Amino acid sequence: MITLNKELSYPISETLFVFALDYEAGKVFDHTRKLITGIGKVNAAIALTKAIHEKKPKLIINMGSAGGYGFKKGDVICCTKFIQRDMDAQGLGFKKFETPLSGIPIILENGLKMDNLKEGICGSGDSFEMNHINTEYNVIDMEAYPLALIAMQENIPFLCLKYISDDAGSDAADDWSVQVHLASEAFKQILFTNV
């Protein structure tokens, strides 16, 4: 069972574990229903949509590496809110990060909370951020927003755990290449210690 808190737990067999890259999952998740989406919002959206209709999961868990502002490298953050950080239609009179005419709030709230983990707001975009200046989000990735949105639209509970690999600053690429390989063990400690 995957236990989120005193009230919520889900069978591992009915959980879809979603990663952008196979080495974020490592060998730790080989015994699960693991989905590797590829990098970026479009790849993530396509892969999850197909997997939902084929596998019909009761819980979706998105895990992976991310930049973090105000966290330490190696922290695992539970993201409960999401922003599409590269959506910019301000020139048309829309607000920063607002998807025009969609009815979707700028901050998408669709993430389960997990006991004993810090919470964050994840900004997803199709760029590797190396000069973090936005204060609206403190976790930076490239896939979580569309996964959270699809899970919400499909009415499937969604948990998002991000392993902080870098600070989204000038050394982010070097830090990420070292830290990304440590993510799966950190996720194992959180999800499978009581299994």
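Residues numbered from 1 in each chain as written. Predicted model: local features only at pLDDT ≥ 70, side-chain atom pairs only at ≥ 80, totals over all residues. Heavy atoms only, no water.

To continue, consider the overall build of the protein chain. Along its length, the protein chain carries five helices and ten strands. For the protein chain, the residues scored as buried account for 52% of the 195 residues in total. A separation threshold of at least 6 residues defines the contact pool for the protein chain, and within that pool the share at least 24 residues apart is 72%. Per element, the accessible surface of the protein chain, about 9,400 Å² overall, is 52% carbon and sulfur. (Helix = DSSP H or I, 4+ residues; strand = E, 2+ residues; numbered from the N terminus. Buried < 20%, exposed > 50% of the residue type's maximum accessible area, 1.4 Å probe, protein only. Contact = heavy atoms within 4.5 Å. Areas by Shrake-Rupley, 256 points an atom, 1.4 Å probe, with all protein chains shown as cover.)

Looking now at helix α3 (residues 144–153). Within α3, eight of the ten residues are buried, which leaves it mostly tucked inside the rest of the structure. Of the residues making up α3, those classed as buried are A144, Y145, P146, L147, A148, L149, I150 and A151. Positioned one or two residues after α3, N155 has a phi angle of 65 degrees, which is positive.

Looking now at helix α5 (residues 183–191). Listed as buried for α5 are A183, S184, A186, F187 and L191. When α5 is viewed along its axis, its buried side chains cluster within an angular range of 160 degrees and face the same direction. (Arc of directions from axis to C-beta.)

This part is about the pattern of salt bridges. Per the stated rule, a full pass over the model turns up six salt bridges. A salt bridge links K162 to D141, with the nearest nitrogen and oxygen atoms 3.0 Å apart. Of this pair, K162 sits in strand β10 (residues 158–166) while D141 sits in strand β9 (residues 139–141), and the two are 21 residues apart along the sequence. Like D141, K162 is buried. Beyond isolated ion pairs, a larger network of salt bridges with shared partners links D22, D30 and K34. (Salt bridge = Lys/Arg side-chain N within 4 Å of Asp/Glu carboxyl O.)

Within the largest apolar cluster, 29 residues are counted, with the highest numbers of intra-cluster contacts made by L48, I60, F82, V139 and F158. Put simply, the parts of the chain that give this core at least two residues each are β3 (15–19), α2 (41–55), β5 (59–68), β6 (76–84), α3 and β10. Ranked by residue count, the leading element in this core is α3, at seven residues. In contact with L48, other than residues within four places in its own chain, are L16, V18, L35, I60, L147 and I150. With 25 residues, the next largest nonpolar core counts I2, L4, A25 and F29 among its residues. (Core = buried A, V, L, I, M, F, W, Y, C linked by side-chain atoms within 4.5 Å.)

To continue, consider the pairing of β5. Burial runs high along β5: ten of the ten residues are buried. The sheet contact formed by β3 and β5 spans four bridges and is parallel. From the neighbouring strand, L16 faces β5, where its bridge partner is I60. By the bridge criterion, eight bridges tie β5 to β10 in an arrangement that is parallel. Bridge pairing in β10 places I61 opposite L159. (Pairing = 2+ DSSP bridges.)

Let us now look at the side chain of R85. Among the secondary structure elements, R85 is positioned in the loop between β6 and β7 (108–109). R85 sits in the buried class, given a relative accessible area of 9%. There is a polar contact of 3.1 Å between the side chain of R85 and the backbone oxygen of G123. At a separation of 2.5 Å, a polar atom in the side chain of R85 contacts the main-chain carbonyl oxygen of S127. (Polar contact = N/O pair within 3.5 Å; in protein donor to acceptor, adjacent residues only side chain to side chain.)

So yeah, pure geometry; function would need other evidence.
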